[in-house]
Amino acid sequence: MSSPGASPASAPTPAERRSAELELRLVRDPGRFRVLTGDRPTGRLHLGHYFGTLRNRVRLQDLGVDVFVLIADFQVLTDRDTAERLEEYTDGLLLDYLALGIDPARSTVFNHSAVPALNQLLLPFLSLVSVAELGRNPTVKDEIAHSRQSAVSGLMYTYPAHQAADILFCKGDVVPAGLDQLPHLELTRTIARRFNERYGHVFPEPEALLSAAPLLLGTDGSKMSKSRANSVPLAATADETARLIKGATTDADRHITYDPERRPGVSSLVLLAALCLERDPHEVAAEIGDGGSAALKRTVTEAVNTHLAPVRARRAEYAADLSYVRSVLRAGNERANAVAEATLEEVREAMGTFR
C-alpha cells in the first residue's frame, strides 16, 4: 500500500533499489546496523522534519537499530557568523526528540562540541580529498548560495569532510538521506575507502536509506525551512498552529483538489491533513470539495492539532524538568566520547601516529 502523497509507480533508480534492499536487511537483522542522523540547532523543528525524518528515527530505534542522533552545534558556524540562541535551540531539539519517542536507553543523543575525538578526525579526512572535490560538492554549493555570512568562511569548504567525521566516528553504516544528499554521502564513502586503502581497514562505507516522505511546502509556498519563517513548528501551540495555517498560500480556485504539479500550495495543505489523518490525499480533497481554502485550512488545523496533541503533552512534561532533559544529553555525550576515543585510537594505530 502506498503512503499518502506517494507518486505513481515508476522504475526505481539504482539508488532507490539499493535503499530498498538495505531496508529489507534492516528489518531482518536490525542489530547489525548503526544509523547516524541529526540536526543543526538553528531553530525550532517543524512538521517537515517530523514527517520527513523524525518519525523514521523512532521507527528505526524501535526496530532495534543502534541510532546516534547528532546535535550539530559546531556546524551552526558553517553558514552563520555566530551561533545565536544555541542553548535555547539545543534544549528545544532535546524536548522534541523525547516527546516524539526517542528513547535515551536505546538511542544516543549527543552534540558536536562535547566530542573532541570526533572533530580530530577532520584533519586526516581532509588529507584524503582535494580542494576541487570539496568545492564541487553540491552540499557546499547550496550552502554557499544560502549562506547568511558576510563572506564564506573556510569552514564552509570543510563541511563535507566534517560530516564524514560525524558519520564515521561511530562507524555509522546507514544514513537516512534524501536524493539531494547522495553526492555528500558518496564523498563520505570515498573518504572511508581511501583511508582503508592507504592505512588498513577501519571504516565502513555507509549506505543511504532514502526517505519516501513527500515534500511539505512552507506557508509561503516554498520549501519549509527553519530559517525562512514559513514553517509550523512542532512546539507551536494549537492557537499558533491555527494562525500559521490560516496564513498559508493557496490559490483562487474554490474547488479543492489534490494536484501537486498544478496546485502546489493547496496540495501541500491537503497532503499535510492526509498525513495526520493517515488517509489518501485525494479522498481528503474530495471531501472538502467546494468548501474552498477556508474549509481546507480548518480541516488541516484540526488534523494537525489532533495528531500532535499527545506529542505536545509529553513535551510539556519534559519541559517542566529540564534538568532531566539535559542529563540525557550528558549521558549521550559520555557514550559518544567513548565511541569516538576508541575509533580515534584505531585511526592512530593504523596511521602510526603518536599516542
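Everything here concerns the structure above.
This is a predicted model, so every value here is computed, not measured.

Calculation criteria
- Residues numbered from 1 in each chain as written.
- Predicted model: local features only at pLDDT ≥ 70, side-chain atom pairs only at ≥ 80, totals over all residues.
- Heavy atoms only, no water.
- Core = buried A, V, L, I, M, F, W, Y, C linked by side-chain atoms within 4.5 Å.
- Buried < 20%, exposed > 50% of the residue type's maximum accessible area, 1.4 Å probe, protein only.
- Helix = DSSP H or I, 4+ residues; strand = E, 2+ residues; numbered from the N terminus.
- Contact = heavy atoms within 4.5 Å.
- Axes fitted to C-alpha atoms, helices over the stretch in contact; angles between N-to-C directions.
- Left-handed = near helix turned anticlockwise from the far one by under 90°.
- Nonpolar A, V, L, I, M, F, W, Y, C, P; charged D, E, K, R; others polar.
- Phe/Tyr/Trp six-rings, centres within 6.5 Å; stacked < 30°, edge-to-face > 60°.
- Salt bridge = Lys/Arg side-chain N within 4 Å of Asp/Glu carboxyl O.
- Pairing = 2+ DSSP bridges.
- Expected span 1.5 Å × (residues − 1).
- Bend = angle between axes of the 7 residues up to and from the residue.

Asks: Where do I start with the nonpolar core in this structure?
Replies: Within soluble globular proteins, side chains that are nonpolar generally end up buried alongside one another. Leu 47 and Tyr 97 are the most contacted members of the largest nonpolar core, which totals 57 residues. For this core, the element with the highest residue contribution is helix α11 (residues 264-277), accounting for nine residues. Not counting chain neighbours up to four residues away, the residues in contact with Leu 47 comprise Leu 216, Met 224, Val 232, Leu 234, Leu 272, Val 304 and Leu 308.

Asks: What exactly am I supposed to notice about the packing of helix α2 (residues 47-63) against helix α13 (residues 292-319) here?
Replies: A pair of packed helices can be characterised by two numbers: the angle between their axes and the separation between those axes. As a packed pair, α2 and α13 sit with axes 13 Å apart at the nearest point and diverge in direction by 60 degrees. As α2 runs across α13, the sense of the crossing is left-handed. When α2 is examined against α13, the residues Leu 47, Tyr 50 and Phe 51 are found in contact with a partner set consisting of Val 304, His 307 and Leu 308. Broken down by class, the residue content of the contact of α2 with α13 amounts to five nonpolar, one polar and no charged.

Asks: Would you explain the packing of aromatic side chains in this entry?
Replies: For any pair of aromatic rings, geometry is given as the distance between the ring centres together with the angle between the planes. Applying the stated rule across the entire model yields eight aromatic pairs. On the basis of an interplanar angle of 50 degrees and a centroid distance of 4.9 Å, the ring pair of Phe 195 and Tyr 199 is categorised as tilted. With Phe 195 and Tyr 199 both in helix α9 (residues 182-199) and four residues apart, this pair spans about one turn of that helix. Judged by relative accessible area, Tyr 199 falls into the partly exposed class, the value being 26%.

Asks: Can you help me understand the environment of Thr 158 in this one?
Replies: Position of Thr 158 among the secondary structure elements: in helix α8 (residues 154-168). Along the backbone, Thr 158 and Ile 245 are 87 residues apart, and their C-alpha atoms lie at a distance of 38 Å. Apart from residues lying up to four places away in sequence, Thr 158 is in contact with Leu 122 and Leu 126.

Asks: What's the story with the pattern of salt bridges in this structure? I'm lost.
Replies: Think of it this way: side chains of opposite charge can pair up when their charged atoms draw near. According to the stated counting rule, one finds 23 salt bridges in the structure shown. One salt bridge connects Arg 335 with Asp 66, and the closest N-O pair in it is separated by 3.1 Å. Residue Arg 335 is found in helix α14 (residues 322-351), and its partner Asp 66 is found in strand β2 (residues 66-71); the two are separated by 269 residues along the sequence. Notably, a salt bridge pairs Glu 205 with Arg 189, separated by 3.6 Å at the nearest N-O pair. Within this pair, whereas Glu 205 is found in the loop between α9 and β5 (207-210), its partner Arg 189 is found in helix α9, the two being separated by 16 residues in sequence. Assessed through its relative accessible area of 23%, Arg 189 is described here as partly exposed. One salt-bridge network, in which partners are shared between bridges, spans Glu 186, Arg 189, Arg 193 and Glu 205.

Asks: It is not clear to me how unusual backbone geometry should be interpreted in this structure. Could you clarify?
Replies: Generally, phi is negative for residues other than glycine and the peptide bonds are trans, each holding for most cases. Even without glycine at this site, Lys 171 takes up a positive phi of about 60 degrees. For Lys 171, the location among the structural elements is in the loop between α8 and β4 (174-177). Despite not being glycine, Glu 278 shows a phi value in the positive range, around 55 degrees. On the secondary structure map, Glu 278 appears in the loop between α11 and α12 (281-288). On the basis of relative accessible area, Glu 278 is assigned to the exposed category, the value being 64%.

Asks: It is not clear to me how the pairing of β4 should be interpreted in this structure. Could you clarify?
Replies: For a regular strand, side chains alternate in direction, first toward one face of the sheet and then toward the other. Summarising the sheet, β4 and β5 pair through four bridges and their orientation is parallel. Bridged to Val 174 within β5 is Glu 207.

Asks: Which parts of the structure should I look at to understand the environment of Gly 218?
Replies: With respect to the helices, strands and loops of the structure, Gly 218 is situated in the loop between β5 and α10 (238-246). Accessibility expressed as a relative area gives 10% for Gly 218, which makes it buried. For the pair Gly 218 and Gly 43, spaced 175 residues apart in sequence, the C-alpha separation works out to 15 Å. Excluding anything up to four places from it in sequence, Gly 218 contacts Lys 223, Met 224 and Asn 230.

Asks: Could you clarify how one ought to interpret α2 in this entry?
Replies: In an α-helix, one full turn covers 3.6 residues, which means residues spaced three or four apart are oriented alike. Between its first and last C-alpha, α2 extends 23 Å over 17 residues, near the 24 Å set by a 1.5 Å rise per residue. The sharpest bend along α2 reaches about 40 degrees and sits at Thr 53. Gly 64, located one to two residues past α2, shows a positive phi value of around 110 degrees.

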